[in-house]
Amino acid sequence: MALNLDSGSSPLGFLTANPITNAVSDAYKSFSERRARLGLSNPGTVETIAKEMQRDVSLTNYMHTGIRADLTKAVSLSPLFQVSHQFAMGEHQNPYAFAGLFGTSKVFLQGNVDNNGSLSTRFNYRWSPSLVTKTQFQVGSQDMASIEHEYTGSDFTSSVKMLNPSYLEGGLTGIYILSHLQSVTRKLALGLEAVWQRAALNQPPESVLSYCAKYKSDDWIATAHLHSQGALNATYWRRLSDKVQAGVDMTLQVVPGQGGLMGAGLQSEGITAVGVKYDFRMSTFRAQVDSKGKLGCMLEKRVAPPVMMSFCADVDHFTQSAKVGLGISIESGGEDLQEQQETLGAQASPNIPF
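What counts and how
- Residues numbered from 1 in each chain as written.
- Predicted model: local features only at pLDDT ≥ 70, side-chain atom pairs only at ≥ 80, totals over all residues.
- Heavy atoms only, no water.
- Helix = DSSP H or I, 4+ residues; strand = E, 2+ residues; numbered from the N terminus.
- Buried < 20%, exposed > 50% of the residue type's maximum accessible area, 1.4 Å probe, protein only.
- Contact = heavy atoms within 4.5 Å.
- Areas by Shrake-Rupley, 256 points an atom, 1.4 Å probe, with all protein chains shown as cover.
- Patch = residues over 30% accessible without salt bridge, like charges linked within 9 Å, V, L, I, M, F, W, Y side chains within 5 Å.
- Salt bridge = Lys/Arg side-chain N within 4 Å of Asp/Glu carboxyl O.
- Pairing = 2+ DSSP bridges.
- Polar contact = N/O pair within 3.5 Å; in protein donor to acceptor, adjacent residues only side chain to side chain.
- Lys, Arg positive; Asp, Glu negative; His and termini not counted.
- Core = buried A, V, L, I, M, F, W, Y, C linked by side-chain atoms within 4.5 Å.
- 1 Å grid on protein atoms, 1.4 Å probe; cavity = no way out; pocket = protein on both sides within 12 Å on 5 of 7 lines; lining within 4 Å.
- Points joined across faces, edges and corners; volume = space filled by probe spheres on them.
- Nonpolar A, V, L, I, M, F, W, Y, C, P; charged D, E, K, R; others polar.
- Phe/Tyr/Trp six-rings, centres within 6.5 Å; stacked < 30°, edge-to-face > 60°.
- Lys NZ or Arg CZ within 6 Å of the ring centre and 35° of its normal.

**Student:** What is the right way to read the overall build of the protein chain from this model?
**Tutor:** What the protein chain contains, in helices and strands, is three helices and 19 strands. The burial tally for the protein chain puts 30% of its 354 residues in the buried class. A separation threshold of at least 6 residues defines the contact pool for the protein chain, and within that pool the share at least 24 residues apart is 33%. Of the accessible surface of the protein chain, which amounts to about 22,000 Å², a share of 60% is contributed by carbon and sulfur atoms.

**Student:** Looking at this model, I keep getting lost on a nonpolar patch on the surface. Mind explaining?
**Tutor:** Taken together, I67, M89, F311, V324 and L326 make up a surface patch of nonpolar side chains, about 500 Å² in accessible area. By secondary structure assignment, the location of F311 is in strand β18 (residues 307-316).

**Student:** What am I meant to see in unusual backbone geometry here?
**Tutor:** Of all residues except glycine, most have a negative phi; of all peptide bonds, most are trans. Here the residue pair S78 and P79 is connected by a cis peptide bond, since its omega of 5° sits within 30 degrees of zero. Take P79: it is sitting in the loop between β1 (66-76) and β2 (80-89). Unlike most non-glycine residues, N164 shows phi in positive territory, near 50°. Turning to its location among the elements, N164 is positioned in strand β8 (residues 156-166). Residue N164 is classed as partly exposed on the basis of its relative accessible area of 38%. Backbone geometry places Q320, a non-glycine residue, at a positive phi of 55°.

**Student:** For this particular structure, what's the right way to read the pairing of strand β16 (residues 283-290)?
**Tutor:** Two faces belong to every sheet, and in a regular strand the side chains alternate between them. β16 sits mainly inside the fold: six of its eight residues count as buried. In terms of strand pairing, β16 meets strand β17 (residues 294-304) through seven bridges, oriented antiparallel. Along β17, the bridge assignment pairs V289 with L295. Linking two consecutive strands that pair antiparallel, namely β16 and β17, is a turn of three residues; a positive phi of about 85° is found at G293 within it.

**Student:** I'm lost on the environment of Y96 in this one. Help?
**Tutor:** Positionally, Y96 belongs in strand β3 (residues 96-103). Between the C-alpha atoms of Y96 and D114, which are 18 residues apart in sequence, the distance is 5.7 Å. Contacts of Y96, omitting those with residues within four sequence positions, involve H85, Q86, F87, D114 and N115. Of the polar contacts made by the side chain of Y96, one reaches the side chain of H85; its length is 2.8 Å.

**Student:** Just to check I follow, could you spell out the side chain of D316 for this structure?
**Tutor:** When you line up the elements, D316 lands in strand β18. For D316, which is buried and forms no salt bridge, the nearest opposite charge comes from K294, at a distance of 4.6 Å. At a separation of 3.1 Å, a polar atom in the side chain of D316 contacts the main-chain amide nitrogen of F318. At 3.3 Å, the side chain of D316 forms a polar contact with the side chain of T319.

**Student:** I tried to follow the nonpolar core on my own but got confused; where do I start?
**Tutor:** Across soluble globular proteins, you tend to see nonpolar side chains buried next to one another. With six residues, the main nonpolar core is built from V46, I49, A50, L181, A189 and C212. Those residues in contact with V46 that lie beyond four places of it in its chain are S179, H180, L181, L192, E193, C212 and H225.

**Student:** How should I be thinking about the pattern of salt bridges in this particular structure?
**Tutor:** When charged atoms on two side chains of opposite charge get close, those side chains can pair. In this structure the tally under the stated criterion is five salt bridges. Among the ionic pairs, K134 bridges to E150, the shortest N-O distance being 3.6 Å. Taken together, the residues K134 in strand β6 (residues 131-139) and E150 in strand β7 (residues 144-152) connect sequence positions 16 residues apart. Across the pair E300 and R286 runs a salt bridge whose closest N-O atoms are separated by 3.2 Å. Of this pair, E300 sits in strand β17 while R286 sits in strand β16, and the two are 14 residues apart along the sequence. Relative accessible area serves as the criterion here: at 4%, R286 is assigned to the buried category.

**Student:** Whenever I open this one, the layout of surface pockets confuses me. Can you help?
**Tutor:** Picture a little ball the size of a water molecule; that probe, rolled over the atoms, points out where space is still empty. Put simply, the largest pocket is a space of about 830 Å³. G44, T45, T48, K134 and E150 are the residues nearest the centre of the largest pocket, which is lined by 37 residues in total. Those elements giving two or more residues to the lining of the largest pocket turn out to be α2 (51-57), β5 (119-126), β6, β7, β8, β10 (188-198) and β11 (206-216). Its residues assigned to classes, the lining of the largest pocket shows eight nonpolar, 15 polar and 14 charged. As a volume, the second largest pocket reaches approximately 640 Å³. Considering the residues around the second largest pocket, the lining is formed by 20 residues, among which D70, S84, Q86, A99 and N112 are closest to the centre. Elements that contribute at least two residues to the lining of the second largest pocket include exactly β1, β2, β3, β4 (107-114) and β19 (321-332).

**Student:** Honestly, the packing of aromatic side chains in this entry has me stumped. Any pointers?
**Tutor:** The geometry of two aromatic rings is summed up by the distance between their centres and the angle between their planes. For the coordinates displayed, the defined rule picks out eight aromatic pairs. Ring pairs connect the aromatic residues Y215, W220 and Y236, which therefore count as one cluster. The aromatic ring of Y62 is capped on one face by R286, whose charged end is 4.0 Å from the ring centroid.

**Student:** Quick question: what am I supposed to make of the environment of E47 here?
**Tutor:** As for its position among the elements, E47 is in the loop between α1 (19-37) and α2. In this structure, the C-alpha to C-alpha distance between E47 and E193, residues 146 residues apart in sequence, is 9.4 Å.

Spelled out as structure tokens, the structure:
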């Protein structure tokens, strides 16, 4: 039996039919209509506000030393399922690691275990087109648990993230991060990030608030992230042509001098890096130089449809040191996978919640 809240037939009708409720409803509808007419787009997340420079152009996530080989076997495309083996010899690399990946439009599962027995897993679930829950657990040399809820709106993104949350000691411990990034015009987005952390109950809690901004033009993007401790990170990315991208990443930190605030005053420490990325038909070249005298470059080349070779090197002129890395990645799918790809044809690939 349906519940009718009409003011003339139900005693609860005054909850929805009164001057205050009507005024609030009309104001919200008017605000929503005006915001929709602005034609604002989703600006992304605070965590990935500078992804064009820091993830696409910068060498930080691509550099490695020594020798590395990745063997990947794709079992299925829809749902996505693949396994991989990684062999490596070099600094800060495990000799062997095995990984498995499974993904659909609602679920994403990934697991990784190395030769030392360290296990790391990721599990993401899409509750609706706008809401995704992301979890990550690590057991081994360093135990870690992360839970994040991310809501993506038409012109904003909000998220709540918890790192090692616990209430077992009789109080709340861990790290809790709340972030929100909102488009205010078609090119400008503003956001903030609040962090609350407490390592143990015998230690006082700490809270930090930071602010960020992103300006996106037709062929360039500028971002800034200001932390309350005095740290500033600013990036500038520009697409020079269809195949060339360039960017600048600057980090500035204001710290007390050797004599403290009353002695030597404040000192500024920072680093600036300039990078460029060239995309060719069968290869990609990245180069980067920073203000501390470190020069690095990386070349990725597909020598065959399933084989990708990579060569990277960096030279530190101040410490007179150099590092070199060589990698090979082999992907195999088999005839069954090719037949599945032909069967899917032009069908849209699943929107996996990575």
